[in-house]
Amino acid sequence: MTRFSTFLFCMLLINRADANTPADTLIQRVRVVFKFDPSVFPESWQAGSVLAKGESIDTTEIARCKLITAKALNKYPSPLLYMNLKTIYFLRSEKFFNVGFGGTYTRDALFISDNGKSLGYTDRFIEQSIHHEFSSILFNNYGWLLDTSSWTKANLPGSGYTDPEAGVGAIRKNEASQELDTALAQQGFLTQYAHSDIENDINTIAQNLFSPNPGFWNIVDKYPRIRQKVNLLIRFYHSIIINFTEAYFREFEKEKQ
């Protein structure tokens, strides 16, 4: 089934689910949930220092999130999703360690924030968040396929990862921008947030492979350290699914946002 016929099939699934429930739906056999309940967070997140908190998404955002989710998931083969992703939870907001997050993940679930376009939750931001968090699940499940030694060697010597809290500190200090940064690209980091730790570095490139910011491929072609990481990550994805090639990812540069 082509990506486009799969997209139409996803729309049929959305419509069928909507006939039975006012909000939750099924897309590529992934359950998409819009009503927040504290029980959706693992018990270990609800106590101690994590103190997970969430808030239900505005109902006016639900239709948009369904379309974005269908678009994002349509970029992956159904078997890959079936084996690695069971649920996506959309929330107006989510907090961990008393810090607001745009998204996070568990072993087989994503938690994606959306508080409306006017506050920066654009279609691209939401789609990138899905790819960003899903890349963490894939990295956790198939990490041996990624040459992390070569990855860290792509960083400019003396310019390693800066956040011992694995990104939480960067968010707390307002040092988590996902804007493409050519100065950092010379050091091997696509954005400020990518500089925080290796997983966020991987996530940031992954989200741009599947839903690229304008200028992403120009940076890849211009900066050798970024090119090296992109090659490594494409090789990782290709090792999981043979159809994931640079040509496949470059097609997404043509998408309208």
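Scroll up a little and you will see the structure.
Within any chain, residue numbers begin from 1 and follow the written order of that chain's sequence. Confidence filtering applies because this is a predicted model: local features only for residues at pLDDT of at least 70, side-chain atom pairs given and counted only at 80 or more, and all residues used for totals across whole chains, interfaces and linings. To obtain the side-chain values, all non-hydrogen atoms of the structure were used and water was disregarded.

Q: Please clarify how the pattern of salt bridges should be interpreted in this entry.
A: Note that side chains of opposite charge can pair when their charged atoms are close. What counts as a salt bridge is simple: a side-chain nitrogen of Lys or Arg found within 4 Å of a carboxyl oxygen of Asp or Glu. By the definition in use, this model includes 15 salt bridges. Residue arginine 64 is joined to glutamate 61 by a salt bridge in which the shortest nitrogen-to-oxygen separation is 2.6 Å. Glutamate 61 carries the same exposure label as arginine 64, and that label is buried. The salt bridge partner of aspartate 108 is arginine 107, with a shortest N-O separation of 3.4 Å. Because the salt bridges share partners, they merge into one network encompassing Glu61, Arg64, Asp114 and Asp123. The classification of residues rests on relative accessible area computed with a 1.4 Å probe and restricted to protein chains. Under 20% of the type maximum is buried, over 50% is exposed, and intermediate values are partly exposed.

Q: Just to check I follow, could you spell out helix 10 (residues 224–240) for this structure?
A: Residues separated by three or four positions in an α-helix point in the same direction, a consequence of the helix having 3.6 residues per turn. Relative to the 24 Å expected for 17 residues at 1.5 Å per residue, helix 10 spans 25 Å between its end C-alpha atoms, a close match to the ideal helical length. Among the residues of helix 10, Ile226, Arg227, Lys229, Val230, Leu232, Leu233, Ile234, Phe236, Tyr237 and Ile240 are the ones counted as buried. To qualify as a helix, a DSSP run of H or I must reach at least 4 residues; to qualify as a strand, a run of E must reach at least 2; elements of each kind are numbered from the N terminus. Helix span is expected to be 1.5 Å times the residue number reduced by one.

Q: Please explain the layout of surface pockets as it appears in this structure.
A: Empty space among the atoms can be located by rolling a probe the size of a water molecule over them. Looking at the largest pocket, its volume works out to about 1,100 Å³. In terms of lining, the largest pocket is formed by 38 residues, of which the most central are Gly102, Gly103, Glu133, Ile171 and Tyr193. Of all elements in the fold, only strand 6 (103–105), helix 4 (123–142), helix 6 (168–172) and helix 8 (198–210) reach the threshold of two or more residues within the lining of the largest pocket. Counting residues per element, the lining of the largest pocket draws most heavily on helix 4, which supplies seven residues. Classes in brief: Ala, Val, Leu, Ile, Met, Phe, Trp, Tyr, Cys and Pro nonpolar; Asp, Glu, Lys and Arg charged; the others, Gly included, polar. Residues belonging to the lining of the largest pocket are distributed by class as follows: 15 nonpolar, 18 polar and five charged. Cavity and pocket criteria rest on a 1 Å grid covering protein atoms alone: a 1.4 Å probe that fits but cannot get out defines a cavity, protein on both sides within 12 Å along at least 5 of 7 lines defines an open pocket, and an atom within 4 Å of a point defines a lining residue. Grid points are joined across faces, edges and corners, and a volume is the space filled by probe spheres set on the points.

Q: How do you make sense of helix 8 when you look at a structure like this?
A: Taking 1.5 Å per residue, 13 residues should reach 18 Å; helix 8 reaches 19 Å between its end C-alpha atoms and fits that length. With twelve of 13 residues buried, helix 8 is to be regarded as a mostly interior element. Looking at helix 8, one finds that the buried residues are Glu199, Asn200, Asp201, Ile202, Asn203, Thr204, Ile205, Ala206, Gln207, Asn208, Leu209 and Phe210. Here, residues are in contact when the closest pair of their heavy atoms is within 4.5 Å. Elements that come into contact with the buried residues of helix 8 comprise strand 6, helix 4, helix 5 (148–153), helix 9 (216–222), helix 10 and helix 11 (246–250).

Q: It is not clear to me how the packing of helix 4 against helix 8 should be interpreted in this structure. Could you clarify?
A: Angle between the axes and distance between the axes are the two parameters that describe a pair of packed helices. Note on method: axes are straight lines fitted to C-alpha atoms, helices fitted across the in-contact stretch only, with angles between N-to-C directions ranging 0 to 180 degrees. Running from N to C, helix 4 and helix 8 point in directions that differ by 125 degrees, and their axes come no closer than 8 Å. Comparing the axis directions of helix 4 and helix 8 gives the class oblique. The two elements helix 4 and helix 8 cross, and the hand of that crossing is right-handed. When helix 4 is examined against helix 8, the residues Glu127, Gln128, His131, His132, Ser135, Ser136, Phe139 and Asn140 are found in contact with a partner set consisting of Glu199, Asn200, Ile202, Asn203, Thr204, Ala206, Gln207, Asn208 and Phe210. In terms of residue class, the contact of helix 4 with helix 8 is built from four nonpolar, eleven polar and two charged. Angles below 35 degrees are treated as roughly parallel, those above 145 as roughly antiparallel, those between 65 and 115 as roughly perpendicular, and all remaining angles as oblique. Crossings are assigned a handedness: left-handed for a near helix turned anticlockwise from the far helix by less than a right angle, right-handed for a clockwise turn.

Q: Even after reading the chapter, I still don't get unusual backbone geometry, so can you show me in this structure?
A: The general pattern is negative phi for most residues beyond glycine and trans for most peptide bonds. The phi dihedral of glutamine 28 is positive, around 50 degrees, even though this residue is not glycine. Looking at the secondary structure, you find glutamine 28 in the loop between strand 1 (25–27) and strand 2 (30–33). The class for glutamine 28 is buried, based on a relative accessible area of 8%. Phi is positive for leucine 51, close to 50 degrees, though the residue is something other than glycine.

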